[in-house]
Amino acid sequence: MSLNGGRAGVPHGNKMKNAEDGVREGAAGAPSHAGRIDLPPYETIALMLQGGGALGAYQAGVYQGLDEAGIRPNWIAGISIGALNTAIIAGNAPEDRVPRLLEFWETICQPAFGLPLPGFVEQALFNSTDGIRKAFTAMQAFDAIVEGQKGFFVPRFPPPSPLAAGVPQAASYYDTAPLKATLEHLCDFERINSGEMRVSVGAVNVATGNFAYFDNTRIKLRPEHFMASGALPPGFAAVEIDGEYFWDGGLMSNTPLYEVAMATPRRNTLAFQVDLWSARGPVPDSIVDVMGRVKDVQFSSRTRMVTDMMQRSQRYRNVLRHVLDHLPEELRRNDSWCKLAEELACSKRYNVIHLIYRHKEYEGHYKDYQFGLSTMRAHWESGLQDIRGSLAHRDWLEMPNGESRFITHDIHRDGR
């Protein structure tokens, strides 16, 4: 799919159907969607997208499944590649979001300068033996290092010298100027800033080391805010925003979960947490596998640990709310401790649906920068299968009761 010709590059009619069928092809075991799902009256429906480079196509598959079910988030938050998917989703009308995600991923999964392999050749290599597939995907990762990816990043020439000082915007091995053009083409930033949905992306202030969220309820978002969230050094340079420089938010926190769940005023919330790195995995037995496992551990969001902590916190808030409701009104109104307790108490309900990408045996430590079209489709299909499987458990979508009023579900933990 080409970016040429402005918005005319969006497939339509049979062309769009064939493109989406191509993404779906090979999603063994993924049930067909069962139509629109009517949700309980949640005040916030949040989609939270973790960082993970080329693995981010999994998030696009998850969004397609939500779209099939008629579930439209009113808050989307992302970090790194999750921020770029956030821009595509928030920056388009609902009916255009899946086609635009597909266009984005089919664009950046092509080499920056050379021609991609014919589709039938790539599919044959990818669907061959594990040995051939590993060699082929390793070659694609090497190509990404050497020449970059179309509409995303290209190598700097000449490459940066380790001794020469320059400007922060050039202190990296790759130039992401193509990404800015891609975002400007694929996203309507007036729509992003219209308030149609809340949009938040996380980054790290290079000078202070502090984590920052760029949020359209507080500032007007530009392409640079999304690029800053994905500016992972030393590959990508810090992005300058209003005189300050920012790096990839995944350096400090690779999930927006805490930001969404702790937001005030508190609201009844259904949150879809989409992670690209699994904290759980096999103990590696080779140097190559060690390198891959280090990334899993380093960038996994510790989603289950965070949600366990938040579940305990919400339990205390709910118990406090219950106790306060049994106190005399005059005491609650006049006692300073009761006033403080009122601020802390909360009986809102939180339901978190986990979707965590599962590492494949054939994937190497380079899986986050292996931008092959076949691999992208496999990631997309995995996300689509996981969200369809999750939504098939309709009881998972109900508002939680009990002491904590906070519940989590995971298709890989609870559904299989």
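Everything numeric here is computed off the predicted structure, so don't read it as measured data.

Asker: Quick question: what am I supposed to make of a nonpolar patch on the surface here?
Answerer: A cluster of nonpolar side chains, Phe142, Ile145 and Val146, forms an exposed patch at the surface whose accessible area comes to about 280 Å². Examined against the element boundaries, Ile145 turns out to sit in helix α6 (residues 130–147). Judged by its relative accessible area of 39%, Ile145 falls in the partly exposed class.

Asker: Help me understand the layout of surface pockets, please; the structure alone is not making it clear to me.
Answerer: Left-over empty space is what a probe sized like a water molecule reveals as it rolls over the atoms. Taken as a whole, the largest pocket holds about 720 Å³ of empty space. Leu232, Gly235, Phe236, Asp368 and Tyr369 are the residues nearest the centre of the largest pocket, which is lined by 34 residues in total. For the lining of the largest pocket, the secondary-structure elements that each account for two or more residues are α3 (81–90), α6 and α11 (287–299). Here the element with the most residues in the lining of the largest pocket is α11; it accounts for three residues. Taken together, the residues that form the lining of the largest pocket break down as 21 nonpolar, ten polar and three charged. The computed volume of the second largest pocket comes to approximately 510 Å³. Lining the second largest pocket are 24 residues, and of these Pro282, Asp289, His359, Lys360 and Glu363 sit closest to its centre. Among the residues forming the lining of the second largest pocket, the class breakdown is seven nonpolar, six polar and eleven charged.

Asker: What is the right way to look at the environment of Tyr245 in this model?
Answerer: Mapped onto the elements of the fold, Tyr245 is located in strand β8 (residues 244–248). Residue class for Tyr245 comes out partly exposed when judged on its relative accessible area of 24%. Separated by 47 residues in sequence, Tyr245 and Gly292 place their C-alpha atoms 29 Å apart. If we ignore the near neighbours within four places in the chain, the residues touching Tyr245 are Pro168, Gln169, Val204, Asn205, Val206, Ala207, Ala238, Val239 and Glu240. A polar contact is formed between the side chain of Tyr245 and the side chain of Gln169, at a distance of 3.4 Å.

Asker: Would you mind showing me how to read the pairing of strand β1 (residues 44–49) here?
Answerer: Residues in a regular strand point their side chains to alternate faces of the sheet. Most of β1 sits out of view: six of its six residues are buried. Taking every second residue as pointing to the same face, both faces of β1 are buried, with Thr44, Ala46 and Met48 on one and Ile45, Leu47 and Leu49 on the other. Pairing geometry for β1 and strand β9 (residues 269–275), over six bridges, is parallel. Within the sheet, the bridge partner assigned to Ile45 lies in β9 and is Leu270. Inspection of the sheet shows β1 paired to strand β2 (residues 75–79) by four bridges, in the parallel sense. Across the sheet, Leu49 pairs through a bridge with Gly78, a residue of β2. Handedness of the crossover joining β1 and β2 through helix α2 (residues 57–68): right-handed.

Asker: Before we go on, may I ask you to explain the packing of aromatic side chains in this structure?
Answerer: Any pair of aromatic rings gets described here by the distance separating the centres and the angle formed by the planes. Applying the stated rule across the entire model yields 13 aromatic pairs. Taking the centre distance of 5.8 Å and the plane angle of 85° together, the rings of Phe152 and Phe371 count as edge-to-face. With Phe152 in the loop between α6 and β3 (154–155) and Phe371 in the loop between β10 (350–356) and α15 (373–391), this residue pair connects regions lying 219 residues apart in the sequence. With respect to class, Phe152 is no different from Phe371; both count as buried. Ring geometry for Tyr350 versus Phe406: centroids 6.0 Å apart, planes at 25°, classification stacked. With Tyr350 in strand β10 and Phe406 in strand β11 (residues 406–410), the pair connects residues that are 56 residues apart, well separated along the chain. Phe406 shares its class with Tyr350; the two are buried. Through successive ring pairs, a cluster of aromatic residues spans Phe152, Phe153, Tyr174, Phe236 and Phe371. We note Arg198 situated over the ring of Trp75; from NZ or CZ to the ring centre the distance is 3.9 Å.

Asker: Any chance you could explain the state of the cysteines here in plain terms?
Answerer: Here is the idea: a disulfide is a covalent bond, and it sits between the sulfur atoms of two cysteines. Counting across every chain of the model gives zero disulfides. The thiol sulfur of Cys187 is not disulfide-bonded, and the nearest other cysteine sulfur, from Cys109, lies at 16 Å.

Asker: I tried to follow the side chain of Lys295 on my own but got confused; where do I start?
Answerer: Looking at the element boundaries, Lys295 is found in helix α11. Lys295 gets classed as buried once you look at its relative accessible area, which sits at 17%. A polar contact of 2.9 Å, which involves the side chain of Lys295, links it to the backbone oxygen of His365. Beyond its immediate stretch of four places on either side in the chain, Lys295 contacts Trp277, Ser300, His365, Asp368 and Tyr369.

Asker: Which parts of the structure should I look at to understand the packing of α3 against helix α4 (residues 97–108)?
Answerer: The angle between the axes and the distance between the axes are what describe a pair of packed helices. Remark: α3 packs on α4, axes separated minimally by 9 Å, with the N-to-C direction vectors making an angle of 135°. By the angle between their directions, the pair α3 and α4 is classed as oblique. Crossing of α3 over α4 shows right-handed handedness. For the pair α3 and α4, the contacting residues are Ile81, Leu84, Asn85, Ile88 and Ile89 in the first and Arg97, Arg100, Leu101, Phe104 and Trp105 in the second. Of the residues belonging to the contact of α3 with α4, the class tally is seven nonpolar, one polar and two charged.

Asker: How should I be thinking about the packing of α3 against helix α7 (residues 177–186) in this particular structure?
Answerer: The geometry of α3 relative to α7 is characterised by a closest axis approach of 9 Å and an angle of 25° between their N-to-C directions. Taken together, the axis directions place α3 and α7 in an arrangement best described as roughly parallel. Of the residues in α7, those touching α3 at Leu84, Ala87 and Ile88 are Leu179, Leu183 and Leu186. Looking at the contact of α3 with α7, its residues break down into six nonpolar, no polar and no charged.

What counts, and at which threshold
Residues numbered from 1 in each chain as written. Predicted model: local features only at pLDDT ≥ 70, side-chain atom pairs only at ≥ 80, totals over all residues. Heavy atoms only, no water. Patch = residues over 30% accessible without salt bridge, like charges linked within 9 Å, V, L, I, M, F, W, Y side chains within 5 Å. Areas by Shrake-Rupley, 256 points an atom, 1.4 Å probe, with all protein chains shown as cover. Salt bridge = Lys/Arg side-chain N within 4 Å of Asp/Glu carboxyl O. Helix = DSSP H or I, 4+ residues; strand = E, 2+ residues; numbered from the N terminus. Buried < 20%, exposed > 50% of the residue type's maximum accessible area, 1.4 Å probe, protein only. 1 Å grid on protein atoms, 1.4 Å probe; cavity = no way out; pocket = protein on both sides within 12 Å on 5 of 7 lines; lining within 4 Å. Points joined across faces, edges and corners; volume = space filled by probe spheres on them. Nonpolar A, V, L, I, M, F, W, Y, C, P; charged D, E, K, R; others polar. Contact = heavy atoms within 4.5 Å. Polar contact = N/O pair within 3.5 Å; in protein donor to acceptor, adjacent residues only side chain to side chain. Pairing = 2+ DSSP bridges. Right-handed = clockwise from strand over helix to strand, strands pointing away. Phe/Tyr/Trp six-rings, centres within 6.5 Å; stacked < 30°, edge-to-face > 60°. Lys NZ or Arg CZ within 6 Å of the ring centre and 35° of its normal. Disulfide = S-S within 2.5 Å. Axes fitted to C-alpha atoms, helices over the stretch in contact; angles between N-to-C directions. Parallel < 35°, antiparallel > 145°, perpendicular 65-115°, else oblique. Left-handed = near helix turned anticlockwise from the far one by under 90°.

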